[in-house]
Every structure is written in C-alpha cells, then in structure tokens.
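# Architecture at a glance
As a plain string of letters, each chain reads:
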Amino acid sequence: MPHASKTPAEAVEHYRGRTVRLLSCVTSVHVVVRAYHLSDAPHELELADTAKMRGGPLSIDVAEEYEVRQDRDGWRVEILGYLYAIGYEGRELVAYHWHPRGKSSVTRPHMHVGANIQVGDRWLGKVHLPTGAVGLEQVVALAIVELGVEPLRDDWERMVDEAAGR
Amino acid sequence: MATRTDNEIRELSPEEWDQRVDEQARKRLGMSGEEFERRLNAGEIDIDDSPDVTRVAMMLPLHATRK
C-alpha cells in the first residue's frame, strides 16, 4: 500500500523522493518530471536518459506514469503505467511494460526479452510475456543481485525496502 | 564505499515537456514529436515496433491529454 500523505503535493514529494533515492542506487543520471499541478492527470517521471550502470555493460531506462488519489487515509501516488528496461551493450536485454491506456492491444503488465528467436511467424522479442505488476525496486534489485551491477550506495537494500512500501 | 547523495530532480513546465518529447522523438526515431504522435494515433506505428518507439510513446498519453 503506498504511503498516505496529508496533501496531494506532499504525496508527490514523498513519491519523488523515494523514487530518486532508489534510482541513485544504480545511476547518477538525473530524473525529469513534469511539473505537478493538481488538475493535471496523469503525471510523468522518468530518467533523463538511458543510464549506464556500474560493474559491466548494463544500462537502465525508466519511465513511470502516476496519479495522485485520495482515500480515507489521505493522499497517495498510484502508478498507472511504467517502462523499466535493462540494456546489455546497448541492446535491450529485458523490459517490463505496463501501458494500459496507450496505443496497444496489450494493456496488462508484460515483459519483453531481447531474444533473437523466431516463434512461428513472430520474434520472441516482440511477444508480450505476461507478468504481474512489477515495481521499480524489483528491477533495481534484479540488476544488483542477479546481474552483477555494483550499487552506488551502500544502503541500497534499505532503499529497495523503502520503495517496496510506497 | 561512500554513500552518494540523491539524484537531482528537474521539473519541466508543460512547454518544456513538449520540447522534451520532440527532442526524444528526433533523437530516438528521427522524426518530430508531432509527427510521431500523429503516426502513432493513425496506427502507422505500433507501440511495440522497437524499444525506442515504446519509450517515446510512454511520454505521449500525458502529452496528448493536454491538447
């Protein structure tokens, strides 16, 4: 359950802070957001550019769409869509997508793998492999724990845990 | 290992966001943001055509809802 705040602006600040701290575990590339206005929805947060990660030829790209919603406990940021991609030597290795309102027939969370394998008349890389909702913290942990990226912060596990509670 | 400070956040105005969409479309796809949005909406481009198409398209729902 995302953190509840007293005001929409506080919820946005909380979300931005957590996300930036999480991203700082693997990259120093800055984060770009569209200026927050209460009447605008949804909003966008993304890495300014694809970022090379330390410890090998891996890179990361991140974009999130979010909305601020009110419930009985206060204001929360809800993720409405995302793109989390890990690249290897400049090519996409794995990408987690959720674009429910975009121009796609596939509106559920899915992933693509950078596999150059033909399956019937389709390339595996274009197949939408179903997933549940994936959090950015899971992708950051994947990069560090499974793919050998060297974290830029020694408290990265705390940042992952913090983001998992957003 | 030293703990780094948090990354910088740059907040863009709607006009700056439009400019960023255009820059990303030109850089990644070789066309203007306006052309990309038109072709995507017309079905000439599929969101899954390439990672770069998906990346720029992710910027568009917000972009489009302001118009």
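Each remark here, short or long, concerns the structure printed above.
A brief report on the enclosed structure follows. As a convention, each chain's residues are numbered from 1 in the sequence order in which they are written. Chains carry letters and ligands carry numbers; both start at the beginning, A for chains and 1 for ligands, and go up in the order they are written. Local features in this predicted model are restricted to residues of pLDDT 70 or higher, and side-chain atom pairs are both shown and tallied only at a pLDDT of 80 or more, whereas totals for entire chains, interfaces and linings draw on every residue.

## Observations concerning the overall build of chain B
Applicable threshold: A run of DSSP states H or I qualifies as a helix once it reaches four residues; a run of E qualifies as a strand once it reaches two. Both are numbered from the N-terminal end. To assign burial, the other C-beta atoms lying within 10 Å of each residue's own C-beta are counted, with C-beta atoms placed from the backbone; 20 or more indicates buried, 12 or fewer indicates exposed, and intermediate counts indicate partly exposed. Distance between backbone-placed C-beta atoms decides contact: two residues are in contact if it is within 7 Å.
Broken down by element type, chain B carries four helices and one strand. Shown N-terminal to C-terminal, the secondary structure of chain B runs as helices and strands in the order β-α-α-α-α. Residues classed as buried in chain B amount to 34% of the 67 residues present. Within chain B, counting contacts between residues at least 6 apart in sequence, those at least 24 apart form 42% of the total.

## Quick word on the overall build of chain A
This is how it is decided: Atoms considered for the radius of gyration are the C-alpha atoms alone. The globule rule reads 2.2 Å times the number of residues to the power 0.38.
Of the regular secondary structure elements, chain A holds three helices and ten strands. Its helices and strands in sequence order give chain A the pattern α-β-β-β-β-β-β-β-β-β-β-α-α, from N to C terminus. For chain A, the C-alpha radius of gyration of 16 Å lies close to 15 Å, the compact-globule estimate for 166 residues. Taken along the three principal axes of its C-alpha coordinates, chain A extends 50 × 40 × 25 Å. At a minimum sequence separation of 6, the contacts of chain A that also span at least 24 residues come to 49%.

## Let's talk about the nonpolar core
Heads up, the condition is: Think of a nonpolar core as buried Ala, Val, Leu, Ile, Met, Phe, Trp, Tyr and Cys residues, each tied to the set through C-beta atoms within 7 Å.
Formed by 53 residues in total, the largest nonpolar core has its most connected members in Leu-22, Cys-25, Val-26, Tyr-84, Val-140 and Ala-143 of chain A. Considering each element in turn, this core owes the most residues, eight residues, to strand β5 (residues 74-88) of chain A.

## Some words on the interface of chain A and chain B
The criterion, for reference: Residue classes follow a fixed rule: Ala, Val, Leu, Ile, Met, Phe, Trp, Tyr, Cys and Pro count as nonpolar, while Asp, Glu, Lys and Arg count as charged, and any other residue, Gly among them, counts as polar. Any two strands with at least two DSSP-identified bridges between them are counted as paired.
Contacts between chain A and chain B engage 35 residues on the former and 25 residues on the latter. Partitioning the side of chain A that touches chain B into residue classes produces 13 nonpolar, nine polar and 13 charged. In terms of strand pairing, strand β1 (residues 31-34) of chain A meets strand β1 (residues 9-12) of chain B through four bridges, oriented parallel. Across the sheet, the residue bridging to Val-33 of chain A is Glu-11 of chain B, located in β1 of chain B.

## Notes on the environment of Ala-11 of chain A
All names here are of chain A. Along the polypeptide, Ala-11 turns up in helix α1 (residues 8-23). Residues Ala-11 and Lys-52 lie 41 residues apart in sequence; the distance between their C-alpha atoms is 30 Å. Ignoring anything within four residues of it in the chain, the contact list for Ala-11 reads Ser-5, Val-68, Trp-75, Arg-76 and Val-77.

## Quick word on unusual backbone geometry
Phi angles above zero are rare outside glycine, and Glu-89 of chain A is one such case at about 50 degrees. On the neighbour-count criterion, Glu-89 of chain A (9 C-beta atoms within 10 Å) is exposed.

## Examining the pairing of strand β7 (residues 110-113) of chain A
Residues and elements named next belong to chain A. Relative to β7, strand β6 (residues 91-98) is paired through four bridges, and the arrangement is antiparallel. Note that in β7 the partner of Ala-95 across the bridge is His-112. Bridge analysis of β7 against strand β10 (residues 129-130) gives two bridges, and the strand direction is antiparallel. Bridge pairing in β10 places His-110 opposite Pro-130.

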